Each structure stands twice: as C-alpha cells, then as structure tokens.
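A closer look at the structure
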There are 2 protein chains.
Amino acid sequence: MDLSERQLQILQAIINDYVENAEPVGSRSIAKKYDLGVSPATIRNEMSDLEEMGYLTHPHTSAGRVPSDKAYRLYVNNLMKKKNLSAREKRLINERLSASRDEFDATIRHAAELLSEITHLASFAMTPATNEEKISFIRLLPVDDRTLILMIVGESGNITNSTLRLKVPYTQDALDLLSKNMTVNYKGRTLDDVLKSHIIEDVGSDIEALAALRGNVMPSFIRTLEDMLNVNLYMEGMTNIFNLPEYSSIDRARDFMELFARKDWFTRKMLERADGVVVTIGDENDAMKDCSLITATYHVDGKLVGKIGVIGPTRMKYGEVTSIMEFLTNNLSESFRLTSGNDDDDSKRK
Amino acid sequence: MDLSERQLQILQAIINDYVENAEPVGSRSIAKKYDLGVSPATIRNEMSDLEEMGYLTHPHTSAGRVPSDKAYRLYVNNLMKKKNLSAREKRLINERLSASRDEFDATIRHAAELLSEITHLASFAMTPATNEEKISFIRLLPVDDRTLILMIVGESGNITNSTLRLKVPYTQDALDLLSKNMTVNYKGRTLDDVLKSHIIEDVGSDIEALAALRGNVMPSFIRTLEDMLNVNLYMEGMTNIFNLPEYSSIDRARDFMELFARKDWFTRKMLERADGVVVTIGDENDAMKDCSLITATYHVDGKLVGKIGVIGPTRMKYGEVTSIMEFLTNNLSESFRLTSGNDDDDSKRK
DNA sequence: ATTAGCACTCTTGTTAAGTGAGTGCTAACA
DNA sequence: TGTTAGCACTCACTTAACAAGAGTGCTAAT
C-alpha cells in the first residue's frame, strides 16, 4: 500500500520540522510553513492515515505528530537528499586531516573529532581490523641476558611488540635461530590464520636449546598476536548529546553514556556491521533503541577496512550526516593509499 | 582561634551526616543521632559560631547546615580516621590485580576499574611518566627497500616504534651503521635530556650516505621520542557520578563530563601533582571547583612513578577512599617491583 | 552556660484554575 | 468524492494559593 505524493510531502515536512525543532508538529504549522496548497484540516486527515499506517505517533491526544522509526527508514531509503558540503566544510576537513597525515592513529582520531564537531553528535573511529593482515617478519631482540623483545611486523607496516622476561638466560644464537625459524614458519600467513589454526603447536624444533626458548616465547607470541588483532577505538564528542532535548533527563543521558563505557562490547558490535555507509534507526539497533547509528568504512591501502560512525537520537539530519561521512571516508581512504605516501614517515599503526 | 572539643564533635557529626545523606543537616537531627549530651538549641549556637568561622554554610535561612571546603580540609587534616579494609576488599583487590599481572597497561587499567567499583566514584590511572627513563638502545629494522622501522628501547623495557617510509632507498649497511651510531650517542641518556638538549643536532656524521639517511630518520626519531614520553590515561566509572545527587542536574553532569573529555589537559594537570596521597578539595582545584580529587602514586621498579586518582563531589568519604588508595598503590608498587618478576613475560609498557 | 519556647523563614508538595496547542468529528461545499 | 470551516474536546503546562514541615534565631527562664 503505497503512499500518495501528497502523503509523502506531508511526511517529509513533518520529519524536517521535527528534526529541526524536536517538538511534535501540528497540522496548522506545516500548512503555514510548507506551501502544500491544502488546509490544516486536510493535512489532519492525511496525518491520521499516516498514523494508521505506522509512520507517525501521537505522544498524547492533543499533541502534534512525531515521526516513527518506520518514517525515518522511509525517509532514509527514498526521500532523503544528499547535501553538498560547503567549500568551507570541505576545506576544514582537508586541512584537519592532512595536518596529522603521517601519524595513522592520530589521523583516525582527528576524523572522529571532526565528525562530532561538524555534526554536533557523538562519534567514533576505529583502526582497521587486522584479521587479514599478513605477517611480514618476526624478530627477537635482546635487552639483557634474561629480557628480550618480541616484535611482529605486518605487511602493511603494522607493528606490535612485547617485552619478555625469561626464567633462564638465553643465547644470542638461539635467539637468532628462533627469529628466523618463526619468520619462515609464519611469514605471509594472516594473523587470524595463525591464531586459529594449530600451526603454532605443529612446528617441531630439532635443537634442544631452541625448543626450550621456543616454549618460553610461544605464550607471549600468542598474546602479542591477539594484541595485534585489537582495533583501537576513539570516541569523541560524547558530551554533545547533553545539548539535545532527548537527553535532557539524567536517566537518558546516563543510559547513553553507559553504552559507550563498554568499549569492548561496542567495538564488537561495530565490527559486525556491513561495509559502506550503513544507517540503523531506533529499534533496528538491538541495544541502543531510540538511537540512530550511521557507520561508514574507509580503506587503508585498498585492503584493510576501518570504520567511523556517528551516534545520535533517531531525530537526526540523515542527509547531511551521511554526506559528510561519505566525503570524510573518501578523504581518509585517499590519505591511506600507499602510493600516495609522499614522505619520510608514514605511520605509527597502533 | 581553635575549635573547642565540642565544636569539633559537632562539625564531625555534621560532616558524617552530610557525606551520608547529601542533605543539609539540622540541629535536631544531630542531637538525636549523636549522643552529645546537649540540646538542639546548644548545637544551634555552636553551629552559628562554626558558620561565622567559615566551616559551615547555609543554603537558605531555614535550611540545615552544609560543611564548607574549609570544614572538609580540617576533617581531612585532623579528624579523619583511616578505615581498615575488609578482608573481602583486600582479597578482591589482590585477585583482580594479579589476574593481569604480566600486562602492564592492563593492570593499570584494572586498578582504575577497581577503584571506581569500590568507591562508586570516577577514577583514573596513568602509566608512569618516562621523562627520566634512560635509552637502552635504538634499532632500525628493514621492512622493504624504502620502509623501515625505528625502535627505541628504554632501560626498563619500555618500547616505542614507528614505521618510516623514505623518499629514497637505503642500504643495509647504512642502516646498521646508523643504528649503532645512534645507540652509542644516546644510550644511557634520559628521554627528556635527549629531547631538550641540542644533542640531536650536534652529532656530526662523517660518511655521506649515512648523513642523508640520518637526515631522513631524525624527524621521526624526535616524534617517536615524544610519543614515548606520553603517558597513557585510563578513565573508569565516569558514569558513576550520575547516581550522585550533586550531579542530578544535566548542566552539572555535562560540566563534569566535559572536564574529562580533555584528556591531554587532564593528564598535564595530574602530572603536576605531588607524589604520595594528595587530597585537594573544591576551590583548591583551579578548574573543577566543587569537586574533590584524591591522587596517589605507585612505583615501577622503585623508580618510575605513576598516578591513580579518584574524582568526586567534595562530599566524599575521604577516610575510606584514601585508605583504599593507599592499599591499592602499595599493591601495585609491589607488583611492579622488578625482582618479583616471576615469570616469562612481564610487560607491554604502552 | 544551657535550654525551652516561640515566632519567623523558606522549601516542598498539592490542588485548582486558566491557557493554548492540537486533534477529531460533523456538516457544508465544490 | 475530496476538501474545508467550524467547533467541541483533550491534555500538557503554567501560575497562584495554600498547607505542611523543617530549621533557624532570639528571648527569657533555669
């Protein structure tokens, strides 16, 4: 059962108005503001129909109408118009992102900052998931006679290291041998692959001293790999939501803040989301009802995929926000294209 | 002008009551609850005197009294009694901290979590400032013919690295030479020393190829050193404050949250504070009036000093919180004593 | 020096009335 | 048949008035 042209116009008008003012919108006010050529009474009739179809709600008998999640969904799918960013906004984004271009994590964080500044909402950015990152080499470096550094380097330049303190001293020879041994065994394999498979156990070691050292290093190796898999999450502008009327009650605000105190949970949730620009509205989010979430993905060197996102009330300028995010992620992906690595220092990937 | 014994008793009673109930306390109620052997009228007189001296305030004529910052200061300095932790609390702390004992940053974060769980306040923990950390060695590792990894290792096992992408290819020889060269030059110097002095400029390089490579590497070296100096800040339980009556208004809550959104500012402020257990109350904090702050320091290997802290309203159980923090920091310092490093994997210092 | 008594103050909670925005329905109209 | 004007009705919100309660400050008696 499709909506008539006029119903769509009215619905759009209500959404626009409500997104702007956060107050239930009545028939009179949209008759006045938007020139639809019909009287309030007609609009009332249409609104009544729209309500029956589930696009509008009624806080109470004598209040105006409020768009439902379903209405926003319709809006996002069909009605929404992309907004062209102003030159000023584009310049702002370009400047701010290029300022920290050579520090990977800093750039990601700045993207989140920018996003919350421009949208006045809460935002986040995550470094890429590195499941598919391949191991380039593994190095063991001596510190003192019982301490050594384990270093895993990924093909994209991603590095993770940890300091190990052994129970027994090691020899330089054993260290070098094990370094090479491990590199040969794991080079070119993805982190996921190495962690999930039983490769780790399988590799035999023929030499006695090496086997002992290996036994000591292996648990740390696994832990370091896991650490390497962790994405970094940056959240910005969380306090912006305090300015929104929907969070003017302490309880609402608390609920919101508590959601994001669980960083690990949140990270997992966000990793599950599909690539590209994804909008989920209200009930479509299993937790976080009465929030909307917009996420988008950027690429590093065309392969690794990171996410940025915006969180706010369902009443949100979907058109604007998605446009901004599209521009921003394109910009990021461009920055992180390997060939464009102009300079002498590229990254500091976590 | 000293306070009489009875005035102290009354003041203490008022503080106890107010800390508990967060409501102005009247003469009648303390006459009833605390057996001071005097009538409400007498207490009223004393309260009047205490107010004149600045220890109490009056929200309005017919309300009870509220302790002033000055009163809390007196309380903390003279009246406060240390609380002995219950066996349960001690066990909890021991268990939780030892669970992640071999991962430095995780332990720090858990300490903050614990602190906010036990106190029901907001808390933070910082990794040690590494200004005085000495450089152990510097290593340059090849990735591909234009990419290399710069790695700085501190004497305490602290590692920082960054990935460099050069404009021109390098040779393995030049790399090795520069590694050695830099290690020789900076070994044993503190990070601060290296960064602040002009040592970096001073070191001449006699060989042509080396000089070129060096020129490319140096800016990254400085940036990496700076990165190494950064302390990590973990904040926990920020949402706890929503449960306190003093933050029941959105504005107050927002102000509070915004303070801690500025992590860099906050970190700097906290680093300025003296070592040991430090309590600052209300106005004593330049920003964050009407908050109290308690910080304490823990030691790593007896040298490096990190901080943990609790932030809450001035109405706070000072005795309890300081006791908990004392126990916690002792425990942490004990964990981080080098000799107690029992096992094969010690750290992952940032 | 202490205390009982009492007037006074100020907050909080409740009730009642008034206001205004907005709906829903009906009847008239094109 | 779709549109519109008119009107009664609903409900949240505001304001004022009032009562209750907690607490002080002062005075006079002990």
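Note that the structure is predicted; figures quoted are calculated from it, not measured.

**Observations concerning the overall build of chain A**
Along chain A, the regular secondary structure elements total 13 helices and 10 strands. For 350 residues, the compact-globule estimate of 2.2 N^0.38 gives 20 Å, and chain A exceeds it by more than 25% at 27 Å. Seen through its principal axes, chain A has C-alpha atoms that stretch 90 × 40 × 40 Å. In the form shown here, chain A has an accessible surface area of approximately 15,600 Å², with 47% of it arising from carbon and sulfur atoms. One way to put it: in chain A the 44 positive side-chain charges average out to a point 2 Å from where the 53 negative ones average out.

**Quick look at helix H5 (residues 87-99) of chain A**
Counting along an α-helix, one turn takes 3.6 residues, and residues three or four places apart therefore face a common direction. Residue and element names in this part refer to chain A. Here H5 contains 13 residues, and its C-alpha end-to-end distance of 18 Å stays within 8% of the 18 Å for a straight helix at 1.5 Å per residue. Every buried residue of H5 is listed here: Glu-89, Ile-93 and Leu-97. Burial along H5 is one-sided: seen end-on, the buried residues are contained in an arc of 50 degrees. Exposed side of H5, more than 90 degrees from the buried face: Ala-87, Arg-88 and Ala-99 are the residues found there. Here the buried face of H5 lies against helix H6 (104-119) and helix H13 (318-335).

**Considering the sheet that holds strand S5 (residues 147-154) of chain B**
Strand pairing in a sheet relies on backbone hydrogen bonds. The paired strands run either parallel or antiparallel. Residues and elements named next belong to chain B. The three strands lie next to each other as S4-S5-S6, forming an open sheet whose pairing is antiparallel. The outermost strands of the open sheet, each flanked by one partner alone, are strand S4 (135-142) and strand S6 (159-165). The mean angle between the axes of side-by-side strands here comes to 15 degrees, regardless of whether they run parallel or antiparallel. Where S5 lies against S6, seven bridges are found, and the strand directions are antiparallel. Looking at the pairing, Ile-152 lines up with Thr-160 of S6.

**Overview of the pattern of salt bridges**
Applying the stated criterion across every chain, the model contains 35 salt bridges over all chains. Lys-82 of chain A serves as the salt-bridge partner of Glu-326 of chain A, at 3.3 Å between the closest nitrogen and oxygen. Of the two residues, Glu-326 of chain A sits in helix H13 while Lys-82 of chain A sits in the loop between helix H4 (69-79) and H5, which places them 244 residues apart along the sequence. Owing to a relative accessible area of 31%, Glu-326 of chain A belongs among the partly exposed residues under this scheme. A salt bridge links Lys-33 of chain B to Asp-17 of chain B; its shortest N-O distance comes to 2.7 Å. One end of the pair, Lys-33 of chain B, is in helix H2 (residues 27-33); the other, Asp-17 of chain B, is in helix H1 (residues 5-21), with 16 residues separating them in the sequence.

**Details of the protein's contact with DNA strand D**
Around DNA strand D lies a shell of 21 residues, among which Arg-6, Thr-42 and Ser-62 of chain A together with Ser-27 and Met-47 of chain B are the nearest. In DNA strand D, the atoms that sit within 4 Å of the protein are 75% sugar and phosphate, with bases accounting for the remainder. Here a phosphate oxygen of DNA strand D and a side-chain polar atom of Thr-42 of chain A are 2.4 Å apart. Here a base oxygen of DNA strand D and a side-chain polar atom of Ser-62 of chain A are 3.0 Å apart. Only helix H3 (40-52) of chain A together with helix H3 (40-52) of chain B provide two or more residues apiece to the surface near DNA strand D. Among the elements that line the surface near DNA strand D, the one with the most residues is H3 of chain A, at four residues. Class assignment of the residues belonging to the surface near DNA strand D gives a composition of four nonpolar, 13 polar and four charged.

**Remarks on the protein's contact with DNA strand C**
Lining the immediate surroundings of DNA strand C are 21 residues, of which Ser-27 of chain A together with Arg-6, Thr-42, Thr-61 and Ser-62 of chain B lie closest. Each atom of DNA strand C within 4 Å of the protein was assigned to sugar, phosphate or base; sugar and phosphate come to 75%. Between a phosphate oxygen of DNA strand C and a side-chain N or O atom of Arg-6 of chain B, the distance comes to 2.8 Å. For DNA strand C, a base oxygen lies 3.0 Å from a polar atom in the side chain of Ser-62 of chain B. For the surface near DNA strand C, the secondary-structure elements that each account for two or more residues are H3 of chain A together with H3 of chain B. By residue class, the composition of the surface near DNA strand C is four nonpolar, 13 polar and four charged.

**Points about the environment of Ile-324 of chain B**
All names here are of chain B. Considering the arrangement of structural elements, one finds Ile-324 in helix H13 (residues 318-335). For Ile-324 and Ile-311, which are 13 residues apart along the polypeptide, the C-alpha to C-alpha distance reads 14 Å. Those residues in contact with Ile-324, other than ones at most four positions away along the chain, are Leu-85, Leu-115, Ile-118 and Thr-119.

**Considering the sheet that holds strand S9 (residues 292-300) of chain A**
All names here are of chain A. The sheet built from five strands is open, its strands ordered S7-S3-S10-S9-S8 with antiparallel pairing. Each edge of the sheet is formed by a strand with only one pairing partner; in this case those strands are strand S7 (233-236) and strand S8 (278-281). The sheet shows a mean angle of 15 degrees between the axes of neighbouring strands, taken without regard to direction. Here nine bridges tie S9 to strand S10 (residues 304-312), and the two strands are oriented antiparallel to one another. For Thr-297, the partnering residue across the bridge sits in S10 and is Lys-307. Relative to strand S3 (residues 122-126), helix H12 (residues 263-272) is tilted by about 75 degrees, and along the sheet it contacts S3, S7, S9 and S10.

**Overview of the packing of helix H1 (residues 5-21) of chain A against H3 of chain A**
Packed helices, taken two at a time, are described by the angle their axes make and the gap between the axes. Residues and elements named next belong to chain A. Two numbers describe how H1 lies on H3: the axes approach to 10 Å, and their chain directions differ by 90 degrees. By the angle between their directions, the pair H1 and H3 is classed as roughly perpendicular. When H1 is examined against H3, the residues Arg-6, Gln-7, Ile-10, Leu-11 and Ile-14 are found in contact with a partner set consisting of Thr-42, Ile-43, Glu-46, Met-47, Asp-49 and Leu-50.

**Regarding the pairing of strand S10 (residues 304-312) of chain B**
All names here are of chain B. In terms of residue burial, S10 counts as a mostly covered element, since eight of its nine residues are buried. Where strand S3 (residues 122-126) lies against S10, five bridges are found, and the strand directions are antiparallel. Residue pairing in the sheet places Met-126 in a bridge with Lys-307 of S10.

**A few points about the environment of Arg-44 of chain A**
All names here are of chain A. Mapping Arg-44 onto the fold places it in helix H3. Given a relative accessible area of 45%, Arg-44 falls into the partly exposed group. Along the sequence, Arg-44 and Ala-253 sit 209 residues apart, while their C-alpha atoms lie 34 Å from each other.

**Details of the domain arrangement of chain A**
For chain A, the assigned domains read domain 1 (5-79), domain 2 (87-127 + 232-349) and domain 3 (135-229). Distance between the C-alpha centres of domain 1 of chain A and domain 3 of chain A: 63 Å.

**Comments concerning the packing of H5 of chain A against H13 of chain A**
Residues and elements named next belong to chain A. Two elements in contact, H5 and H13, have axes whose closest approach is 11 Å; the angle formed by their N-to-C orientations is 35 degrees. Here H5 and H13 pass one another in a crossing that is right-handed. When H5 is examined against H13, the residues Lys-90, Ile-93, Asn-94 and Leu-97 are found in contact with a partner set consisting of Phe-327, Leu-328, Asn-331 and Leu-332. Looking at the contact of H5 with H13, its residues break down into five nonpolar, two polar and one charged.

Calculation criteria
Residues numbered from 1 in each chain as written. Chains lettered and ligands numbered in written order. Predicted model: local features only at pLDDT ≥ 70, side-chain atom pairs only at ≥ 80, totals over all residues. Heavy atoms only, no water. Helix = DSSP H or I, 4+ residues; strand = E, 2+ residues; numbered from the N terminus. Rg over C-alpha atoms; globule rule 2.2 N^0.38 Å. Areas by Shrake-Rupley, 256 points an atom, 1.4 Å probe, with all protein chains shown as cover. Lys, Arg positive; Asp, Glu negative; His and termini not counted. Charge placed at Lys NZ, Arg CZ, Asp CG, Glu CD. Expected span 1.5 Å × (residues − 1). Buried < 20%, exposed > 50% of the residue type's maximum accessible area, 1.4 Å probe, protein only. Arc of directions from axis to C-beta. Contact = heavy atoms within 4.5 Å. Pairing = 2+ DSSP bridges. Axes fitted to C-alpha atoms, helices over the stretch in contact; angles between N-to-C directions. Salt bridge = Lys/Arg side-chain N within 4 Å of Asp/Glu carboxyl O. Near = heavy atom within 4 Å. Polar contact = N/O pair within 3.5 Å; in protein donor to acceptor, adjacent residues only side chain to side chain. Nonpolar A, V, L, I, M, F, W, Y, C, P; charged D, E, K, R; others polar. Parallel < 35°, antiparallel > 145°, perpendicular 65-115°, else oblique. Domains from an automatic or database assignment. Left-handed = near helix turned anticlockwise from the far one by under 90°.

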